[in-house]
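The chain contents come next:
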Amino acid sequence: MRAQFVLSEIGVGLRRNLTMTFAVIVSVALSLALFGGALLMSQQVNTMKDFWYDKVNVSIFLCNKNDATISRSCGKGAVTDQQKHQIEADLKKMDIVETVHHETAEQAYKLYKKQYGDTDIAATITPDQMQESFRVKLKDPEEYQVVASAFADRDGVQSVRDQRDILENLFSLMNGMRIAALCVMGLMLVIATMLIVNTVRVSAFSRRRETGIMRLVGASSFYIQMPFIMEAAFAGLLGSVVACGFLLLGRYFLIDNGLALAEKMQLVNFIGWDAVFTKLPLVLAIGLLMPAFAAFIALRKYLKV
Amino acid sequence: MIRFDNVSKSYPKQNRPALRDVSLDIEKGEFVFLVGSSGSGKSTFLRLILREERASTGLVHVLGKDLARLSNWKVPHMRRQLGTVFQDFRLLPNKTVAENVAFAQEVIGKPRGEIRKAVPQVLDLVGLGGKEGRMPGELSGGEQQRVAIARAFVNRPMLLIADEPTGNLDPQTSVGIMKLLDRINRTGTTVVMATHDQNIVDQMRKRVIELEQGRLVRDQARGVYGYQH
């Protein structure tokens, strides 16, 4: 089979069917961009989980002078040194506790300053507003309840918080977004497939003269079908290239520039470029193979060989 | 070359079979006219040879092969040894004369050097030398049919199937086409031609096979058209 002959046939076919080809490209691009986005999102969630679950565990916030007036659990005033020592000692006695870190109000203030910098909120905060706390790392993060029940009602303890809860909310939100993206992707993929089937049908019909002649002179079915499959694969490949562009631009504008989440949410460690790049071959492969397969199926129905 | 053994063909949703119990032999190098009124089964007969259809019962052998047992993917190879010419020429309107002929070689993957040599040769043979660059739309009906014959013959088939090749042509042009087919036949190619053209059949005095309502009613060497309209 001669490449130039086949390529010229593909070009003719695509141009003849320009609007439909365009529709195929757009729908493949959108569905694959969503697919890649969902992949990246789940990777983002996993990276964040790895990162945070390691660092964040149970925080026991102690009452400061302000809390004594606001918070009910701090009715007996700010935490005393003796209470602090008692809590720390009790924590260290527990088997499930791995490490205990005492964070002073001053340290909390510094960390806060570092995270929020020169924003307006940060300017209004003073060191005495910050709470002293024990950061407790558990051997098994699931045993949070044991710590909570032991320390929540103690004098001088404002609250016990499992910081995973805050993250869980975020993660479940991100997970939800990922699932939504996958659902939309599935829908777009169905649309793309139907468009491809229809494109092939129209294409096969408009070229029934050529294919009829090809059949008569003894062209193999592979030879007759090839241009149609290549057409679909080519349109799909264009679509997946566009999808790759979306993913790269997405990371660029969401994380580095534009929305610049990396700057605004410094606590979050975002996925790197390598994560995006490793997804691109998969996106391209699907963009190439899925339309080719759809075209192949459509040809069985619409192109008599 | 072609052998039908008790061949019948019925199409779904049609109570009358298109062919009924047809048996015949066509030898290598023969020139055979296939006559009969519309709906007599001529087209079905040709479609069975081309294996566009399969016989409902009976055996069809073409070029020594049992078509019922020929697997689908081998059909293209079988068709490469057949040339086909139709009433409506079936040329590609957006390709030149030479490209139309070359198309038959391109799709079976002939090397380009061979195509470049064979195309002018066969165009000379059909009397279209010098018209390689014309588009089919610029040619007369007779010339278009010559292009179609050139395309059918360029791969030097063993068997040429012609389905009313003169059906759209005036008598004078038809004579030219028949001379051409006769010449091709003399190179050793078997020709099977379905036709309604009484004058041609009567003049050529070749073997005539007549079908009527799907039945073989006459098989006559050096025959005439036979029935009046």
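As a convention, each chain's residues are numbered from 1 in the sequence order in which they are written. Naming scheme: in the order in which they are written, chains are lettered from A and ligands are numbered from 1. In keeping with the model being predicted, local features are shown solely for residues with a pLDDT of at least 70 and side-chain atom pairs are shown and tallied solely at 80 or more, while totals for entire chains, interfaces and linings include all residues. Hydrogens are left out, water is left out, and the side-chain values use all remaining heavy atoms of the structure.

**Examining the overall build of chain B**
Then step 1. The helix count covers DSSP runs of H or I at least four residues long, the strand count covers runs of E at least two residues long, and both are numbered beginning at the N terminus. Helix and strand counts for chain B come out as seven helices and 10 strands.
Then step 2. Buried residues are those whose accessible area, probed at 1.4 Å on protein chains only, stays under 20% of the maximum for their type, while exposed residues exceed 50% and partly exposed ones sit between those limits. Within the span of chain B, comprising 229 residues, buried residues form 52% of the whole.
Then step 3. The contact criterion used throughout is that any non-hydrogen atoms of two residues lie within 4.5 Å. Within chain B, counting contacts between residues at least 6 apart in sequence, those at least 24 apart form 68% of the total.
Then step 4. Values of accessible area rely on a 1.4 Å probe in the Shrake-Rupley scheme; residue burial ignores everything except the protein chains shown. Summed over all atoms, the accessible surface of chain B reaches about 10,300 Å², with 46% contributed by carbon and sulfur.

**Section: the overall build of chain A**
Then step 1. In terms of helices and strands, chain A carries 12 helices and four strands.
Then step 2. By the burial criterion, 44% of the 305 residues in chain A qualify as buried.
Then step 3. For chain A, long-range pairs separated by at least 24 residues make up 82% of all intrachain contacts whose partners lie at least 6 apart in sequence.
Then step 4. Total accessible area on chain A is roughly 16,300 Å²; 63% of this is exposed by carbon and sulfur atoms.

**Some points on the side chain of T189 of chain B**
Then step 1. Among the secondary structure elements, T189 of chain B is positioned in the loop between helix 6 (171-186) and strand 8 (190-194).
Then step 2. By the criterion applied in these results, polar contacts are pairs of N or O atoms within 3.5 Å in which, for protein atoms, one can donate a hydrogen and the other can accept it, and in which residues neighboring in sequence qualify only through two side-chain atoms. Within the local environment of T189 of chain B, its side chain forms a polar contact with the backbone oxygen of P157 of chain B, the two atoms lying 3.4 Å apart.

**As for the sheet that holds strand 9 (residues 207-212) of chain B**
All names here are of chain B.
Then step 1. Pairing between strands is defined by DSSP: at least two bridges between them are needed. Strand order in the open sheet made by the six strands is 6-7-8-3-9-10, with mixed pairing throughout. Since the sheet does not close on itself, it has two edges, and those belong to strand 6 (82-86) and strand 10 (215-220), each with one partner. Strand-to-strand twist in this sheet, taken as the mean axis angle between neighbours without regard to direction, amounts to 15°.
Then step 2. The pairing of strand 7 (residues 159-163) with strand 8 spans five bridges and is classified as parallel. Opposite L159, over in strand 8, you have T190 as the bridge partner. Angles here are taken between N-to-C directions and fall from 0 to 180 degrees, while the axes themselves are lines fitted to C-alpha atoms, restricted in helices to the stretch in contact.

**Some thoughts on the UniProt feature "transmembrane region" (unreviewed entry) in chain A**
Then step 1. UniProt positions are given in the numbering used here, feature names are shortened, and annotations may be inferred rather than shown by experiment. Under the UniProt annotation, "transmembrane region" (unreviewed entry) lies at residues 21-41, 179-200, 232-255 and 275-299 of chain A.
Then step 2. The distance separating the terminal C-alpha atoms of residues 179-200 of chain A is 31 Å; by composition the span is 100% helix and 0% strand.

**Points about unusual backbone geometry**
Most peptide bonds adopt trans geometry, and most residues besides glycine take a negative phi value.
Residues and elements named next belong to chain B.
Then step 1. With a phi close to 55°, L63 is a non-glycine residue in the positive phi region.
Then step 2. With respect to the helices and strands, the residue L63 is situated in the loop between strand 4 (57-62) and strand 5 (65-66).
Then step 3. Using a relative accessible area of 17% as the deciding quantity, one classes L63 as buried.
Then step 4. Positive phi, normally seen in glycine, also occurs at R205, with a value near 55°.
Then step 5. As for its position among the elements, R205 is in the loop between helix 7 (198-204) and strand 9.

**Some thoughts on the pairing of strand 1 (residues 2-9) of chain B**
All names here are of chain B.
Then step 1. The sheet contact formed by strand 1 and strand 2 (residues 19-26) spans five bridges and is antiparallel. Along strand 2, the bridge assignment pairs F4 with L24.
Then step 2. Pairing between strand 1 and strand 4: five bridges, direction antiparallel. Bridge pairing in strand 4 places S8 opposite T57.

**A closer look at the interface of chain A and chain B**
Then step 1. At the junction of the two partners, chain A supplies 17 residues and chain B supplies 25 residues.
Then step 2. Taken together, the two surfaces of chain A and chain B that pack against each other cover about 1,900 Å², and 54% of this comes from carbon and sulfur.
Then step 3. Salt bridges are defined as contacts in which a side-chain nitrogen from Lys or Arg sits within 4 Å of a carboxyl oxygen from Asp or Glu. On inspection of chain A and its partner chain B, the count reaches one salt bridge.
Then step 4. Looking at the side of chain A that touches chain B, the elements with two or more residues in it are helix 1 (3-16), helix 9 (208-216) and helix 10 (221-256) of chain A.
Then step 5. With six residues, helix 9 of chain A is the largest single contributor of residues to the side of chain A that touches chain B.
Then step 6. Within the side of chain A that touches chain B, the residues separate by chemical class into seven nonpolar, four polar and six charged. Buried area counts how much accessible surface, traced with a 1.4 Å probe, disappears from two parts once they are put together, with both parts' losses summed. Residues are grouped as follows: nonpolar covers Ala, Val, Leu, Ile, Met, Phe, Trp, Tyr, Cys and Pro; charged covers Asp, Glu, Lys and Arg; every other residue, Gly included, is treated as polar.

**Brief notes about the packing of aromatic side chains**
Residue and element names in this part refer to chain A.
Then step 1. Any two rings among Phe, Tyr and Trp, with Trp reduced to its six-membered ring, count as a pair given centres within 6.5 Å; such a pair is stacked if its planes are under 30 degrees apart, edge-to-face if over 60, and tilted if neither. One pass over the structure, following the stated rule, counts four aromatic pairs over all chains.
Then step 2. Considering the side-chain rings of Y252 and F253, the 5.1 Å spacing of their centres and the 85° angle between planes classify their relative orientation as edge-to-face.
Then step 3. The aromatic ring of F228 is capped on one face by R207, whose charged end is 4.3 Å from the ring centroid.
Then step 4. Think of it as a cone above the ring: NZ of Lys or CZ of Arg counts as a charge over the ring if it is within 6 Å of the ring centre and within 35 degrees of the ring normal. Directly above the ring of F205 sits R208, whose terminal nitrogen or CZ lies 4.0 Å from the centroid.

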